[in-house]
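Observations on the three-dimensional arrangement
Spelled out from the first residue to the last, the chains are:
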Amino acid sequence: MSVHRTALCRGPYGGEGAQADGTDCSDSAVFEIARHGRPPLRVCPVHLGPALLMASGVLWPPEITLIGRP
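Residues numbered from 1 in each chain as written. Predicted model: local features only at pLDDT ≥ 70, side-chain atom pairs only at ≥ 80, totals over all residues. Heavy atoms only, no water.

1. Considering the environment of Cys44
Selection criterion: The way it works is that DSSP assigns letters per residue, a run of H or I at least four long becomes a helix, a run of E at least two long becomes a strand, and they are numbered from the N terminus. Two residues form a contact once any of their heavy atoms are found within 4.5 Å.
With respect to the element layout, Cys44 can be found in the loop between β2 (41-43) and α1 (45-54). Separated by 25 residues in the primary sequence, Cys44 and Arg69 have C-alpha atoms spaced 9.6 Å apart. In this structure Cys44 touches Cys9, Cys25, Asp27, Ser28, Ala29, Val30 and Phe31, once residues within four positions along its chain are discounted.

This is the structure we're talking about:
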């Protein structure tokens, strides 16, 4: 799990590139959410719920993986 310790939260929307609005959280990512047609979304505990509801391409039922611990 320590491999992802340097990953930062990309929640709650999970934008990439020019669409990275809302990804300014500087907390370490603890969870990874699988998405359809997009890379997995790494989020902190605070953004886990909002990302499940608002990020694009999130699978349902969601596939969430623990990648680190705070």
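2. Comments concerning the pattern of salt bridges
Charged atoms that come close allow side chains of opposite charge to pair. Defined as follows: The salt bridge definition used is simple: a Lys or Arg side-chain nitrogen within 4 Å of an Asp or Glu carboxyl oxygen.
Here the structure, examined in full by the defined rule, presents 1 salt bridge. In this structure, the salt-bridge partner of Arg42 is Glu32, at a minimum N-O distance of 3.0 Å. Taken together, the positions of Arg42 in strand β2 and Glu32 in strand β1 (residues 31-33) put the pair 10 residues apart, joining distant regions of the chain.

3. Description of the nonpolar core
Heads up, the condition is: Residues grouped as a nonpolar core are buried Ala, Val, Leu, Ile, Met, Phe, Trp, Tyr and Cys residues, joined through side-chain atoms within 4.5 Å. A 1.4 Å probe rolled over the protein chains alone gives each residue an accessible area, and that area as a share of the maximum for its type sets the label: buried under 20%, exposed over 50%, partly exposed in between.
Ile33, Leu41, Val43 and Leu48 are the most contacted members of the largest nonpolar core, which has 13 residues in total. Put simply, the parts of the chain that give this core at least two residues each are β1, β2 and α1. In terms of residues, this core owes the most to one element, α1, which gives 3 residues. Sequence-distant contacts of Leu41, defined by excluding residues within four places in its chain, comprise Arg10, Pro12, Gly14, Phe31, Glu32, Ile33, Arg35, Ala51 and Ala55.

4. Let's talk about α1
Quick reminder of the rule: Here the arc refers to the directions that run from the helix axis out to each C-beta atom.
When we look at burial in α1, the residues that qualify are His47, Leu48, Ala51 and Leu52. Viewed end-on, α1 has its buried residues packed into an arc of 140°, placing them on one side of the element. Set apart from the buried face of α1 by more than 90 degrees, the exposed residues are Val46 and Leu53.

5. Let's talk about the sheet that holds β2
This is how the line gets drawn: Note on pairing: two strands pair once DSSP finds at least 2 bridges between them. Orientation is described by axes fitted as lines to C-alpha atoms, over the contacting stretch for helices, and by angles from 0 to 180 degrees between their N-to-C directions.
Overall, antiparallel pairing links the 3 strands, which are arranged β2-β1-β3 in an open sheet. Of all strands in the sheet, those bounded by a partner on one side alone are β2 and β3 (64-66). Geometrically, the sheet is characterised by an average inter-axis angle of 25° between neighbouring strands, direction not taken into account. Looking at chain direction, β1 and β2 are connected through 3 bridges and run antiparallel. When the bridges of β2 are listed, Phe31 appears paired with Val43.

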